[in-house]
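Coordinate inspection notes
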Amino acid sequence: MQDEAEEGEDCVPDTAEATDEKKKKKRNKKKNKRKEGEGGDDAGGDEEGGAAGEESTTAELAVDEPAEVAPSGDAAEGEAEDASVANTSSKKKKKKKKGTAEDGESAAAPDAESAKKESAEDAEAAAEEEEEAEEAAAGGSKKKKKKKKPVNGSSADKLFSLPEQDNSVFRMLGNWKAIENCRQSPEMNVPVAKQYPEGDFPLGEEQQYVGANAFRTTSAEKREFERLTSYDYEKIRRAAECHRQVRRYAQSYIRPGLTMTELCQRLERKTHELIVANGLECGWGFPTGCSLNWVAAHYTPNYGDNTVLQHDDVCKLDFGVQVGGRIVDCAFTIAFNERYDPIIQASQDGTNTGIKAAGIDARFSDIGASIQEAIESYEIELNGKTLPVKPVRNLNGHSIGPYQIHGGKSVPITKNNEATKMEEGEFYAIETFASCGKGYVVEDLDCSHYMKIFDAPHIPLRVKSSKALLYAIEQNFGTLAFCRRWLDDVGQTRHLMALKNLVDNDLVQPYPPLCDAKGSYVTQMEHTILLRPTCKEVVSRGDDF
């Protein structure tokens, strides 16, 4: 009776004692669990210890029952009962720890008693959780609130307002419109996939089929087939949205006085950042082309090339983005002098005319004739002379296959007798080149572009450095185009002789710069189109062109 009275007096401890008892209680829980495992060895203890253990267990249950059925509304009674349960249990555990005969420390508890003890411990844990919840409600749990703030304010949930981007410094390029409630930040550092977590990437410009294919717009069969192949469309739309945002970023910093190497590297880094480059799964489609003046295509600076962009230059910026092998090939002309307006307009008009003429069952010869007519309707005045504008007759658009930038079909930009037709589901790069020179290009200058031949057979190589270089190309680029600067970046710094050996063995194809007459100017415009079953989609179309 005296012991019970002492326990009753200790039911209202001080704050410091309650804290110490909680710590002791947690340590005692662990020790009790260990003792329960060893209880089978002490099953033959004295009867008095077992009887005492049963009485203590019965006392614990008698105290626990009112705590479980206490009404939730009476908070004061619940706290008092929880405190009494905690103190009663801690006192009894102390007695067991001292080894008194009354607590029956040496006696093993049966399975039923172990279950009852566990239920008592669960009630104690519930009491602790209620106390912590009350402290948090009173403002005592500040750490938990701080942890929740980053989750609610994560960058993926933030919305930004992108202001209108003025492109008046460039000739014949439109301004980027302002966007409200956009997930892309003004610094352009949020990956495209995070902006569209549901995979609902923006569609390009849709153009309806005409003539014999007009029925496709409302055909239920074609709509269903389009739905079944939509997984492939999501890849190229993601790549196209990345291309648009990288264009917007590039047009914000490209100015006269910038080195061509810095121009390309900043653009390429931003492409990897927004597409979240992952080996061959997604990343660059091909090297960044920045051909100047009479150089029409396939020029990018090698390391050591210190060429600087000038105010009177005409630069063709051509770069690609790929996701799952689906490549977006898009290009435009950068110029700062207004005297180049007519020749820039010629290539823009030629490309838009080619897109309009393209479609399912469209003949390449008809598309080429339409483009040629549009380009030749322009002329340009340079240095007091009026010069005719011509399409570059040995440069073409092309089909695009998975991991294959040149898919096997060529779209001419001049009239010819090509009877090949476009087919449903194909991807095409419609690109046109307008020149005030000869309208014919030849290979010249140092080569920077290379590509592993798509269907190259296995050829045993004897040179060790060639084997190592071929392995690096296959691992980093596969059958996608690459440049010498990228080989340096992946560690293949001494690659010239090995690269020549791969070219000589017909494993790698070089693509030297293509040049018109020196002193002339060539402009370019290019878009990627998708011939969907119900319409054609210009996936790379943007506010700029």
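Keep in mind the model is a prediction, meaning the values are calculated, not measured. (Residues numbered from 1 in each chain as written. Predicted model: local features only at pLDDT ≥ 70, side-chain atom pairs only at ≥ 80, totals over all residues. Heavy atoms only, no water.)

**Notes on the overall build of the chain**
A tally of helices and strands in the chain yields 15 helices and 20 strands. By the burial criterion, 46% of the 545 residues in the chain qualify as buried. Long-range pairs, those at least 24 residues apart, make up 75% of the contacts in the chain between residues at least 6 apart in sequence. By element, 49% of the accessible surface of the chain is carried by carbon and sulfur atoms, the whole surface being about 27,900 Å². (Helix = DSSP H or I, 4+ residues; strand = E, 2+ residues; numbered from the N terminus. Buried < 20%, exposed > 50% of the residue type's maximum accessible area, 1.4 Å probe, protein only. Contact = heavy atoms within 4.5 Å. Areas by Shrake-Rupley, 256 points an atom, 1.4 Å probe, with all protein chains shown as cover.)

**Overview of the sheet that holds strand 18 (residues 514-515)**
Sheet architecture is open: 3 strands sit in the order 5-18-14, paired in antiparallel fashion. Each edge of the sheet is formed by a strand with only one pairing partner; in this case those strands are strand 5 (295-297) and strand 14 (442-443). (Pairing = 2+ DSSP bridges.)

**Overview of the nonpolar core**
In this structure, I254, L263, L309, L317 and I334 are the most contacted members of the largest nonpolar core, which totals 51 residues. Within the residue set of this core, elements represented by two or more residues are helix 9 (230-253), helix 10 (260-275), strand 4 (282-292), strand 6 (314-323), strand 7 (326-335), strand 13 (427-435) and strand 19 (522-531). The element contributing the most residues to this core is helix 9, with 9 residues. When residues of this core are assigned to domains, at least three fall in each of domain 1 (204-446 + 516-538) and domain 2 (448-511). Those residues in contact with L309 that lie beyond four places of it in its chain are I254, R255, P256, G257, L258, M260, L263, L292, C315 and F336. (Core = buried A, V, L, I, M, F, W, Y, C linked by side-chain atoms within 4.5 Å. Domains from an automatic or database assignment.)

**Topic: the sheet that holds strand 15 (residues 449-452)**
In any sheet, the strands associate via hydrogen bonds between backbone groups, in a parallel or an antiparallel arrangement. Reading across from one edge, 16-15-17 is the order of the 3 strands in this open sheet, with antiparallel pairing throughout. Edge positions in the sheet fall to strand 16 (481-483) and strand 17 (508-511), since each has one partner strand and no second. The sheet shows a mean angle of 30 degrees between the axes of neighbouring strands, direction not considered. Pairing between strand 15 and strand 17: 4 bridges, direction antiparallel. Of the residues in strand 17, the one forming a bridge with Y450 is P510. Seen against the sheet, helix 15 (residues 496-504) touches strand 15, strand 16 and strand 17 and runs at an angle of roughly 105 degrees to strand 17. (Axes fitted to C-alpha atoms, helices over the stretch in contact; angles between N-to-C directions.)

**Here we look at the pairing of strand 19**
A regular strand places its side chains on the two faces of the sheet in alternate fashion. Within strand 19, 10 of the 10 residues are buried, which leaves it mostly tucked inside the rest of the structure. Of the two faces of strand 19, the one lined by V522, Q524, E526, T528 and L530 and the one lined by T523, M525, H527, I529 and L531 are each fully buried. Strand direction decides the pairing type here: strand 19 and strand 20 (residues 536-538), joined by 3 bridges, are antiparallel. Among the inter-strand pairings, I529 is bridged to a residue of strand 20, identified as V538. Hairpin connection between strand 19 and strand 20: a loop of 4 residues separates the two successive antiparallel strands.

**A look at the packing of aromatic side chains**
Within this structure, the stated rule accounts for 10 aromatic pairs. With centroids separated by 5.4 Å and ring planes inclined at 35 degrees, the aromatic side chains of F332 and F545 adopt a geometry described as tilted. Here F332, found in strand 7, pairs with F545, found in the segment after strand 20; they are 213 residues apart in sequence, far enough to count as distant. Per residue, the accessibility class of F332 equals that of F545, and both read buried. Between F477 and F482, the aromatic rings sit 5.2 Å apart at their centres with planes inclined by 15 degrees, giving stacked as the arrangement. For the pair F477 and F482, a shared accessibility class is recorded, and that class is buried. Of the aromatic side chains, those joined through ring pairs into one cluster are W284, Y450, F477, F482 and W486. (Phe/Tyr/Trp six-rings, centres within 6.5 Å; stacked < 30°, edge-to-face > 60°.)

**Topic: the pairing of strand 11 (residues 397-400)**
Pairing of strand 11 with strand 12 (residues 410-411), which is carried by 2 bridges, proceeds in the antiparallel orientation. Considered in strand 12, the bridge of G397 is made with V411. Relative to strand 13, strand 11 is paired through 3 bridges, and the arrangement is antiparallel. Among the inter-strand pairings, H398 is bridged to a residue of strand 13, identified as A429.

**Re the UniProt feature "binding site: substrate" (unreviewed entry) in the chain**
In the UniProt entry, the feature "binding site: substrate" (unreviewed entry) is given for H298 and H406. Spanning 109 residues, the named residues form one tight spatial group whose C-alpha atoms are at most 13.7 Å apart. By the secondary structure assignment, H298 is in the loop between strand 5 and strand 6. Setting aside residues no more than four positions away along its own chain, H298 makes contact with S291, S448, H449, Y511, P512, P513 and L514. Inspection of the secondary structure puts H406 in the loop between strand 11 and strand 12. (UniProt positions renumbered as here; feature names shortened; annotations may be inferred.)

**A short note on helix 10**
Residues three or four positions apart in an α-helix share a direction because the helix packs 3.6 residues into each turn. The first and last C-alpha atoms of helix 10 sit 23 Å apart over 16 residues, in line with the 22 Å expected at 1.5 Å per residue. Within the span of helix 10, buried status applies to M260, T261, L263, C264, L267, E268, K270, T271, L274 and I275. On its buried face, helix 10 sits against helix 7 (192-195), helix 9, strand 4, strand 6 and helix 14 (484-489). Immediately beyond the C-terminal end of helix 10, within one or two residues, lies V276, with a positive phi of roughly 55 degrees. (Expected span 1.5 Å × (residues − 1).)

**Observations concerning the side chain of R244**
Structurally, R244 is set in helix 9. Under the relative-accessibility criterion, R244 is labelled buried at 9%. Those residues in contact with R244, other than ones at most four positions away along the chain, are W176, P202, V539, S540, R541 and G542.

**Overview of the packing of helix 13 (residues 464-476) against helix 15**
It is the contact of helix 13 with helix 15, at a shortest axis distance of 9 Å, that shows an interaxial angle of 80 degrees. Put simply, helix 13 runs roughly perpendicular to helix 15. Residues S465, S466, L469, L470 and I473 of helix 13 lie in contact with helix 15, whose contacting residues are A498, L499, N501 and L502. Each residue belonging to the contact of helix 13 with helix 15 can be placed in one class, and the counts come to 6 nonpolar, 3 polar and no charged. (Parallel < 35°, antiparallel > 145°, perpendicular 65-115°, else oblique. Nonpolar A, V, L, I, M, F, W, Y, C, P; charged D, E, K, R; others polar.)

**Observations regarding the pattern of salt bridges**
A side chain with one charge can pair with a side chain of the opposite charge if their charged atoms come near. Applying the stated criterion to the full structure yields 19 salt bridges. Note that R216 is salt-bridged to E424, the shortest N-O span being 2.6 Å. Taken together, the residues R216 in the loop between strand 3 (205-207) and helix 8 (220-228) and E424 in the loop between strand 12 and strand 13 connect sequence positions 208 residues apart. Under the relative-accessibility criterion, E424 is labelled partly exposed at 28%. In this structure, K500 engages D504 in a salt bridge whose closest nitrogen and oxygen atoms are separated by 3.1 Å. Of the two residues, K500 and D504 are both situated in helix 15; the distance of 4 residues between them amounts to about one turn of the helix. Judged by relative accessible area, which is 48%, K500 ranks as partly exposed. Through salt bridges with shared partners, a single network forms among E206, E226, R237, R532 and E537. (Salt bridge = Lys/Arg side-chain N within 4 Å of Asp/Glu carboxyl O.)

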